[in-house]
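As a plain string of letters, each chain reads:
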Amino acid sequence: QVQLVESGGGLVQAGDSLRLSCEVPRRTFETSTAAWFRQAPGREREFVAAIKWNGDTTYYADFAKGRFTISRNSAKNTVYLQMNWLKPEDTAVYHCAAGVPITSSIRTSRGYRHWGQGTQVTVSS
């Protein structure tokens, strides 16, 4: 069982920033695409961002472009999601995921085999 561990969530005000972290076991980190998804109460889980195993290619949901940045640190086996200019509608549980999705599945949950438990992000207005 591959365990991903997220951290960095919290309660912030609109306009603030947060950086989420996800520790990934090394073997998985080196061979997987990593992604962030989020799920708000009463809503479907939705794609936020993804980064290929080599770090050369990133993908973003439209709402994340220009505000969120996904990155990875090979020395720490960690994937980050820097979130700036947070809005109340960004409130959700954010989940880290890892896997080997085909290109057409990168933005879908089914493309990822391994998941973290999630970290809560709450943005007040």
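Cut-offs used in this document
Residues numbered from 1 in each chain as written. Predicted model: local features only at pLDDT ≥ 70, side-chain atom pairs only at ≥ 80, totals over all residues. Heavy atoms only, no water. Phe/Tyr/Trp six-rings, centres within 6.5 Å; stacked < 30°, edge-to-face > 60°. Helix = DSSP H or I, 4+ residues; strand = E, 2+ residues; numbered from the N terminus. Buried < 20%, exposed > 50% of the residue type's maximum accessible area, 1.4 Å probe, protein only. Pairing = 2+ DSSP bridges. Axes fitted to C-alpha atoms, helices over the stretch in contact; angles between N-to-C directions. Salt bridge = Lys/Arg side-chain N within 4 Å of Asp/Glu carboxyl O. Contact = heavy atoms within 4.5 Å. Polar contact = N/O pair within 3.5 Å; in protein donor to acceptor, adjacent residues only side chain to side chain.

Structural notes on the packing of aromatic side chains
Okay, step 1: Using the criterion set out here, one finds five aromatic pairs in the structure.
Okay, step 2: When the ring of Phe37 is compared with that of Tyr112, the centres are 5.5 Å apart and the planes differ by 70 degrees; the resulting orientation is edge-to-face. A residue pair is termed long-range when its members are at least 10 positions apart, and Phe37 in strand S4 (residues 33-39) and Tyr112 in the loop between strand S9 (92-99) and strand S10 (114-115) qualify at 75 residues. Both residues of the pair, Phe37 and Tyr112, count as buried.
Okay, step 3: Ring geometry for Phe37 versus Trp115: centroids 5.1 Å apart, planes at 55 degrees, classification tilted. With Phe37 in strand S4 and Trp115 in strand S10, this pair connects stretches of sequence that are 78 residues apart.
Okay, step 4: An aromatic cluster of three or more residues is present, and its members are Phe37, Phe47, Tyr112 and Trp115.

Notes on the sheet that holds strand S3 (residues 18-23)
Okay, step 1: Strand order in the open sheet formed by four strands is S1-S3-S8-S7, and the pairing between neighbours is antiparallel. This sheet does not close on itself; its edge strands, each paired only once, are strand S1 (5-7) and strand S7 (68-73). For this sheet, the mean inter-axis angle between neighbouring strands, taken without regard to orientation, is 15 degrees.
Okay, step 2: Here S3 pairs with strand S8 (residues 78-83) via six bridges, running antiparallel. The partner of Leu18 across the bridge, within S8, is Met83.

What about the pattern of salt bridges?
Okay, step 1: In total, this model carries five salt bridges according to the counting rule given.
Okay, step 2: In this structure, Arg38 and Glu46 form a salt bridge, with 2.6 Å as the shortest nitrogen-oxygen distance.
Okay, step 3: Take Arg38: its relative accessible area is 6%, and that puts it in the buried class.
Okay, step 4: For the salt bridge of Asp90 with Arg67, the shortest nitrogen-to-oxygen distance reads 2.7 Å. Separated by 23 residues along the polypeptide, Asp90 in the loop between S8 and S9 and Arg67 in the loop between strand S6 (58-60) and S7 bring together distant segments of the chain. We note that Asp90, like Arg67, is buried.
Okay, step 5: Salt bridges sharing partners connect three or more residues here, namely Arg38, Glu46, Arg67 and Asp90.

So, the environment of Leu81
Okay, step 1: Mapped onto the fold, Leu81 is located in strand S8.
Okay, step 2: A residue is classified by how much of its surface remains accessible, and Leu81, at 0% relative accessible area, is buried.
Okay, step 3: Separated by 67 residues in the primary sequence, Leu81 and Ala14 place their C-alpha atoms 17 Å from one another.
Okay, step 4: Dropping the residues within four chain positions of it, Leu81 is found in contact with Leu18, Arg19, Leu20, Trp36, Val48, Ala49, Phe68, Thr69, Ile70 and Tyr94.

Some thoughts on the environment of Tyr60
Okay, step 1: Looking at where Tyr60 falls in the secondary structure, it is placed in strand S6.
Okay, step 2: Judged by its relative accessible area of 15%, Tyr60 is buried.
Okay, step 3: Distance in space between the C-alpha atoms of Tyr60 and Ser109 is 14 Å, their sequence separation being 49 residues.
Okay, step 4: When neighbours within four sequence positions are excluded, Tyr60 is seen to be in contact with Phe47, Val48, Ala49, Lys65, Phe68, Thr69, Ile70 and Arg107.
Okay, step 5: Engagement of the side chain of Tyr60 in a polar contact is seen with the backbone nitrogen of Ile70, the distance being 2.9 Å.

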